[in-house]
Structure formats: C-alpha cells, structure tokens
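Listed below are the residues making up each chain.
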Amino acid sequence: MKIETIETYHVRLPLVSPFATSFGRFTEKDALIVRLVTSEGIEGFGETASLSVPLYSSDFTDSDRMVQERFLKPYLIGMEGTDITHFLKPFAPIRGHNFAKAGVEMAIFDALAKEKGMPLWQYLGGDDHDIPSGISLGIMPTIDALVKAVGDALGENYQRIKIKIKPGWDIEPVKELRRVFGNDFPLMVDANSAYSQEDMPLLRKLDGYNLLMIEQPLSNDDIYDHAKVQSQLRTPICLDESIHSVDDARYALELGSCKIINIKPGRVGGLYNSIRIHDTCYNHRDGSFTGRGMDRVPVWCGGMLETGVGRAHLLALQSLPGFTITGDTSPGKRYYSDDIVEPEIVMKKGFIEQSREPGIGYTVLMDKIKEIAL
Ligand code: OSB
Ligand code: MG
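A brief look at the structure comes next. Computed from a prediction, not measured in an experiment: that's the story for all the values here.

## Some remarks on the overall build of the chain
Within the chain, the regular secondary structure consists of 13 helices and 14 strands. Across its three principal directions, the C-alpha atoms of the chain cover 60 × 45 × 35 Å. By the burial criterion, 57% of the 374 residues in the chain qualify as buried. Sequence-distant contacts, at least 24 apart, represent 69% of the contacts inside the chain between residues at least 6 apart. Separation between the mean location of the 41 positive side-chain charges and that of the 52 negative ones in the chain comes to 3 Å.

## Comments concerning the coordination of the magnesium ion (ligand 2)
Of the protein atoms, only D190 (OD), E215 (OE) and D240 (OD) coordinate the magnesium ion (ligand 2), at distances of 2.1 to 2.3 Å. Counting residues between consecutive donors of the magnesium ion (ligand 2) along the chain gives the motif D-x24-E-x24-D. Of this pair, E215 sits in strand β8 (residues 214-215) while D240 sits in the loop between β9 (237-239) and α9 (246-255); the two residues are 25 residues apart in sequence, bridging distant segments of the chain. In this structure E215 comes out as buried when scored by relative accessible area, which is 0%. Looking at D240, the relative accessible area reads 0%, which means it is buried.

## So, helix α6 (residues 171-181)
The complete set of buried residues in α6 reads I171, P173, V174, L177 and R178. Packed against the buried residues of α6 are α5 (143-155), β6 (160-164), β7 (187-190) and α7 (200-206). In the segment just after α6, G182 is the residue with positive phi, at about 95°.

## Thoughts on the site of ligand 1
With respect to spatial proximity, 16 residues lie near ligand 1, and among them S136, K164, N192, L305 and Y335 are the closest. Within the side chain of N192, an N or O atom sits 2.8 Å from an oxygen atom of ligand 1. At a separation of 3.3 Å, an oxygen atom of ligand 1 approaches a polar backbone atom of M304. When isolated, ligand 1 has an accessible area of 390 Å², and the protein chains bury 99% of it. Residue composition of the shell around ligand 1, grouped by class: six nonpolar, three polar and seven charged.

## A few points about a nonpolar patch on the surface
Where nonpolar side chains cluster on the molecular surface, the patch consists of Y224, Y251 and L255 and spans about 320 Å² of accessible area. You can see L255 is positioned in helix α9. Given the relative accessible area of 37%, L255 is considered partly exposed.

## Some details on unusual backbone geometry
In this structure, P343 follows E342 across a cis peptide bond, with omega equal to -5°. A positive phi is found at H97, a non-glycine position, where the angle reads about 55°. Tracing the sequence through the fold places H97 in the loop between α2 (84-87) and α3 (98-116). Looking at H97, the relative accessible area reads 33%, which means it is partly exposed. Of note in this structure, K349 is not a glycine but carries a positive phi near 50°.

## What about the nonpolar core?
Membership of the largest hydrophobic core comes to 103 residues, with the highest contact counts inside it found for L76, I108, I161, I163, L206, I261 and I277. Of the residues forming this core, the biggest block, nine residues, is contributed by α3. Excluding anything up to four places from it in sequence, L76 contacts I3, I6, F87, P90, F91, V104 and I108. Within the second largest apolar cluster, 12 residues are counted, among which are A49, Y56, M304 and Y335.

## Here's the deal with the state of the cysteines
Within this structure, the stated rule accounts for zero disulfides. Here C238 stays unpaired: no disulfide links it, and the sulfur of C258, its closest cysteine neighbor, is 7.0 Å away. For C238, a relative accessible area of 0% puts it in the buried group.

## Looking at the pairing of strand β1 (residues 3-21)
Bridging between β1 and strand β2 (residues 24-38) involves 14 bridges; their strand directions are antiparallel. When the sheet's bridge partners are listed, H10 is paired in β2 with L32.

## Some points on helix α12 (residues 308-317)
Of all the 10 residues making up α12, 10 are buried; the element is thus mostly covered by neighbouring parts of the structure. Where α12 is concerned, the buried positions are G308, V309, G310, R311, A312, H313, L314, L315, A316 and L317.

## Observations regarding the pattern of salt bridges
Across all of its chains, the model carries 23 salt bridges by this definition. Across the pair E215 and K162 runs a salt bridge whose closest N-O atoms are separated by 2.9 Å. A residue pair is termed long-range when its members are at least 10 positions apart, and E215 in strand β8 and K162 in strand β6 qualify at 53 residues. Side by side, E215 and K162 carry an identical accessibility label, which is buried. A single salt-bridge network, built from bridges that share partners, covers R160, K162, K164, D190, E215 and D328.

Rules used throughout
- Residues numbered from 1 in each chain as written.
- Chains lettered and ligands numbered in written order.
- Predicted model: local features only at pLDDT ≥ 70, side-chain atom pairs only at ≥ 80, totals over all residues.
- Heavy atoms only, no water.
- Helix = DSSP H or I, 4+ residues; strand = E, 2+ residues; numbered from the N terminus.
- Buried < 20%, exposed > 50% of the residue type's maximum accessible area, 1.4 Å probe, protein only.
- Contact = heavy atoms within 4.5 Å.
- Lys, Arg positive; Asp, Glu negative; His and termini not counted.
- Charge placed at Lys NZ, Arg CZ, Asp CG, Glu CD.
- Donors = N, O, S within 2.8 Å, 3.2 Å for Na, K, Ca; no water.
- Near = heavy atom within 4 Å.
- Polar contact = N/O pair within 3.5 Å; in protein donor to acceptor, adjacent residues only side chain to side chain.
- Areas by Shrake-Rupley, 256 points an atom, 1.4 Å probe, with all protein chains shown as cover.
- Nonpolar A, V, L, I, M, F, W, Y, C, P; charged D, E, K, R; others polar.
- Patch = residues over 30% accessible without salt bridge, like charges linked within 9 Å, V, L, I, M, F, W, Y side chains within 5 Å.
- Salt bridge = Lys/Arg side-chain N within 4 Å of Asp/Glu carboxyl O.
- Core = buried A, V, L, I, M, F, W, Y, C linked by side-chain atoms within 4.5 Å.
- Disulfide = S-S within 2.5 Å.
- Pairing = 2+ DSSP bridges.

Written as structure tokens, this is what we have:
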C-alpha cells in the first residue's frame with residue numbers, strides 16, 4: 001500500500017443534549033475527520049476526537065490539525081508498506097499530541113484492513129461478537145433530571161450506566177439512583193480529576209454504594225497518589241486521563257494505582273498502542289512484582305463523543321478479548337441527530353453489531369462532511 005493523499009476535515013456537530021463534566025459543559029462537538037487515499041484507490045478514514053479546548057488533555061482540535069499538517073502528513077505521503085509498524089515510524093519521534101496521531105493512524109489501519117478485504121475488528125485480531133453498549137451521562141441541572149435520564153437509559157437496555165461527578169454532585173445523585181433503581185444495576189462514576197487526597201472521606205463514602213468503579217478521581221497525570229487512594233478503597237479505581245502509553249499502564253498496574261483501565265485510542269495515540277495496553281493488562285499476572293491478586297486486569301473502551309467515524313473504530317477495538325467491561329460506546333442517536341456515517345450505528349437489546357464489511361465497515365458521508373467542514 002502506498003499513501004497518495006491525506007485530507008483533514010474539521011467538523012462541528014451539535015449534540016442532541018448538552019454534555020457537562022467537572023471540567024466544562026459542551027453543546028457541540030468538534031472533530032477532525034481524516035481521509036487517506038492509497039495509490040490503489042483505497043480510502044481509509046480516521047477521527048481525531050480531541051475537544052476544541054485543552055480541558056480534558058493538552059490536545060485540542062486546532063493544535064491537532066497543525067500537528068497533522070506540519071509534522072505527520074509530509075512524512076507519510078508517498079510512504080509504501082504492508083504493515084502498521086512501518087507506517088508508524090514517522091510518528092515515533094513526535095512527543096505527545098496523541099489525538100493528532102490517532103486520527104491519522106486509524107485512517108491507515110482502515111486502509112490496511114480494506115486492502116486485505118477484512119473487517120477492521122478481524123484485522124486487529126478481535127473476536128466475532130456484538131459489543132455491549134454503555135452510556136456516559138453528564139452532570140444534570142437537577143437530581144430529578146438525572147433520575148429521568150437513568151430511567152430512560154435502563155429502559156433502552158444500556159448495559160452499564162456511568163454518571164459524571166464533581167464536588168457537590170457526587171454522594172447525593174449516587175444515593176438517589178441507588179434508592180430509586182436498586183443496589184444492583186451496573187453503575188459507575190467518572191470524576192475527571194475533580195478530587196484530591198484530601199477528599200478521602202468523600203471517596204470512602206462513595207465506596208459504600210456498590211459502584212463498578214470510580215473513574216479518574218485524582219489529577220490528570222497522577223499515578224502515584226491514586227495508588228494510595230486505591231489501597232484504602234474496595235471499589236476499583238479506573239484510570240482514564242493518567243494513561244497515555246503502554247509504560248503508564250505498566251506503572252499503574254505495578255504500583256496498584258487502579259484495578260481497571262479505560263482505553264481511548266485518541267488518548268494513547270491510536271489503535272496500535274491501544275492494543276498493546278490491552279495486551280499488557282490481559283497478560284498481567286498476580287506475582288508480577290507486587291502480587292496484588294490482579295490476574296488479567298480488565299479494560300474497557302472509553303469515548304470522546306466521537307462521530308460515527310471514530311465510533312466505528314472503537315467498536316472494532318472492543319472485539320479484543322480483554323474488553324470484558326462494557327464501555328462508553330453508545331449508538332449514533334445518543335449523540336447526534338445527523339451522524340456522518342451510513343448505516344446508522346444502532347443498538348439492539350443493549351448491543352451494537354459488528355459490521356461484516358471491510359475496514360471500519362461504515363460508509364463515510366463525504367458530501368455532508370465537505371458541506372459542513374470549517
Ligand atoms: O472522561 O470519559 C471521559 C467525553 C469527553 C471527554 C471525556 C470523557 C467523555 C465521556 C463520554 O465520558 C464518553 C462517550 O460517550 O463518548
Ligand atoms: Mg473518563
């Protein structure tokens with residue numbers, strides 16, 4: 001395969017409902033859709049799913065676009081090869097900017113899978129099964145609004161509910177959800193780094209609500225303090241923001257900073273690194289260094305409110321065997337009234353089917369994208 005062109009389209013889609021986290025509230029979502037064409041005429045698509053502002057990670061849409069234009073595309077165009085590791089050579093010397101790398105890397109993966117005539121999930125080494133769908137619900141104006149949203153989500157058969165928390169919106173919503181819907185439905189919380197070690201009493205209270213996990217309670221780059229907090233909690237901690245690489249994942253497992261890892265291809269620089277982090281967790285064994293009884297550390301796939309292009313990649317990734325916990329990938333309609341792929345990504349009885357078509361398996365609506373591109 002020889003890379004002939006790489007184009008980037010900046011889109012901004014209105015969200016069907018505002019999404020609020022501890023770091024900000026969003027009513028629309030920016031994304032860079034990357035379209036790669038090979039000299040054989042194969043098209044590959046990827047998505048850079050960073051936010052428009054550097055509040056989740058240091059990446060943001062405009063900086064990622066610049067990194068792609070100046071530091072990735074010039075080295076990739078004209079490159080010829082047969083496997084991903086070859087094409088990743090120009091990525092290696094560039095520090096950071098993982099979301100920028102991921103969008104381009106995913107487009108290469110899509111083209112490589114299409115060249116082989118294989119669905120991407122199969123090309124990545126995944127198993128043939130439907131993907132359970134979870135939902136990530138933002139901070140709501142009132143507890144009643146949250147109860148309504150969770151009731152709706154359970155009614156639609158979502159397999160796992162995650163709610164965003166922040167100081168002042170934590171114990172009360174969790175307590176009320178447990179009171180209304182019972183102690184056993186699959187519930188977790190995501191703090192997006194809103195707490196510190198001083199909040200140990202609060203975290204200990206959360207420990208009493210049978211949560212599947214507490215996602216990223218402490219600061220976005222911390223691995224050390226999370227280990228101290230995890231040692232005082234029964235509830236597993238899951239790291240999101242803190243894990244940017246295979247080494248970060250290894251440090252966290254060896255230190256006991258978490259018992260679960262959220263893998264987002266954008267945050268870790270693409271699918272290749274996602275798979276390596278998956279493998280590190282899947283092959284982790286008790287007795288390796290600390291012996292904390294953590295065999296096969298489970299992973300799940302997070303999201304960045306991706307358009308259908310990015311979500312098709314997330315679905316493919318989740319076919320790997322270590323993704324034993326339901327992730328954040330919801331059907332198209334949960335995010336956008338007018339998604340940019342066909343067929344629509346739909347959920348049936350709480351699951352999303354894998355496509356049988358080559359590559360990401362969805363048609364990217366280029367006319368629509370060109371029309372709305374910024
Ligand atoms: O922390 O997981 C997060 C969205 C934007 C930025 C960070 C996060 C999220 C989500 C939404 O939780 C997940 C999704 O539905 O794509
Ligand atoms: Mg998160």
